[in-house]
Amino acid sequence: MIDVRHMRYFQAVAEELHFGRAASRLYIAQPALSRQIQQLEELVGTPLLRRTQRKVELLPAGQVFLERSNLILADIERAVVDARRTGAGELGRLSVGFIHSSTYGLLPSIVERFRHLYPDIELELHEMPIAEQHVALTRGVIDVGLLRPQPAPPELEVQPVLEDPFLVAVPLTHPLAKRRSVRLEELQGEPMVMFPHRGSPLFHSRIMAMCEAAGFTPRVVQQATQIHTVAGLVGAGIGLAIIPGTARNLQPRGVRFLEIADRPEPVHVALGWLRSKEDLPAVRSFRQVTLLVAQQMWAARVGEPSSAISRVR
């Protein structure tokens, strides 16, 4: 059986055209090298070299064997390098799920940074609602998901990475548009654009709870599932809305965003993955980049680094 050693020995002799120099280059004794080349020729079934006392020449069969073995050795070296880089999380393919609202700022920054740091990892991006991401993660359809924290299957790990505080969106023509902040109780009786329970259960339940805590039930005049749609309806004068701060990145026309003086608990953008995959190098690399980008975004927003979400677990 011809092995890699035979190819490397033959390569050295063919390049040096001298057994002594080739043996010195390979750090083996010349007689041992001669025996290995004779064994190779026996295995191939034809002479590869013409030997005289003065020189060594490649026969046509030897030239063909050298060319083909060079390709094989180069492939082996590439395989070793690629395997090493894959093991270090620098090469491969990663399938990423994401919610639509993450495209307003966080996801593009993550993708840009990740591609810069790991240009040889191919990213496959799939827009999916949160519940669909849970299923895709458990089935291995995606490797990581950019989503929002909500009850998930036990085999999934969900790590919040960035706070997304609620704001009140008002039309520029509304009297409240002259303000910088508002208390939730001041929204009582106002026409409101609301996230539906079925299409956006997380936002719906959180907004309903904060309004009820403020002593009123929202007067809903219109519902919409997507953040950009809600912001657009506010800009059209349909009503006010309590909306994640991510909407600011959209810069919708005709809308002013007000801080909520009550400071309700924010929602978060989170990263989810299958616990059994958390040590895969590419997954870990993506988690590290996501946290780095999220920390920088948080620092730019509040002027200091986030201490609550600071490292890959």
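To start, this report covers the structure provided alongside it. Quick caveat: nothing in here was measured; it's all calculated off a predicted structure.

1. As for unusual backbone geometry
Item 1. For Leu17, which is not a glycine, the phi torsion comes out positive at approximately 50°.
Item 2. Relative to the helices and strands, Leu17 resides in the loop between helix 1 (4-16) and helix 2 (19-26).
Item 3. The class for Leu17 is partly exposed, based on a relative accessible area of 36%.
Item 4. The phi angle at Tyr27 is positive, at roughly 60°, despite the residue not being glycine.

2. Re the sheet that holds strand 3 (residues 92-98)
Item 1. The five strands are arranged 4-3-5-13-6 in an open sheet whose pairing can be described as mixed. The two strands at the open ends of the sheet, each matched to only one other strand, are strand 4 (121-127) and strand 6 (156-164). The mean angle between the axes of side-by-side strands here comes to 20°, regardless of whether they run parallel or antiparallel.
Item 2. As paired elements, strand 3 and strand 4 share seven bridges and run parallel to each other. Across the sheet, the residue bridging to Gly92 is Ile121, located in strand 4.
Item 3. This element, helix 5 (residues 106-117), spans strand 3, strand 4, strand 5 (144-147), strand 6 and strand 13 (267-274) of the sheet and lies at about 165° to strand 4.

3. Digging into the packing of helix 1 against helix 2
Item 1. One can describe the packing of helix 1 onto helix 2 by two numbers: an axis separation of 8 Å at closest approach and a directional angle of 135°. In terms of orientation, helix 1 lies oblique with respect to helix 2. Every pair of crossing elements has a handedness; the one defined by helix 1 and helix 2 is right-handed. Residues Arg8, Tyr9, Ala12, Val13, Glu15 and Glu16 of helix 1 lie in contact with helix 2, whose contacting residues are Phe19, Arg21, Ala22, Arg25 and Leu26.
Item 2. The residue makeup of the contact of helix 1 with helix 2, split by class, is six nonpolar, no polar and five charged.

What counts and what doesn't
- Numbering of residues starts from 1 in every chain and runs along the sequence as written.
- Local features are withheld for residues below a pLDDT of 70 in this predicted model, meaning they are given only at 70 or higher, and side-chain atom pairs are given and counted only at 80 or more; totals for whole chains, interfaces and linings count all residues.
- Neither water nor hydrogens contribute to the side-chain values; these are computed over all heavy atoms in the structure.
- Going along the chain from the N terminus, every DSSP run of H or I of four or more residues is numbered as a helix, and every run of E of two or more is numbered as a strand.
- Note on exposure labels: buried denotes an accessible area under 20% of the residue type's maximum, exposed denotes more than 50%, and partly exposed covers the range between, all computed with a 1.4 Å probe on protein chains only.
- When DSSP finds two or more bridges between a pair of strands, those strands are recorded as paired.
- Between the N-to-C directions of two axes lies an angle of 0 to 180 degrees, each axis being a line fitted to C-alpha atoms and, for a helix, fitted only over the stretch in contact.
- Contact definition: two residues touch when any of their heavy atoms are within 4.5 Å.
- Every angle not falling under 35 degrees, over 145, or within 65 to 115 is termed oblique; those three ranges are roughly parallel, roughly antiparallel and roughly perpendicular.
- It is the rotation of the near helix from the far one that decides the hand of a crossing: anticlockwise by less than a right angle makes it left-handed, clockwise makes it right-handed.
- When residues are grouped by polarity, Ala, Val, Leu, Ile, Met, Phe, Trp, Tyr, Cys and Pro land in nonpolar, Asp, Glu, Lys and Arg in charged, and all others, Gly among them, in polar.

By themselves, these are just geometric observations and shouldn't be taken as functional.
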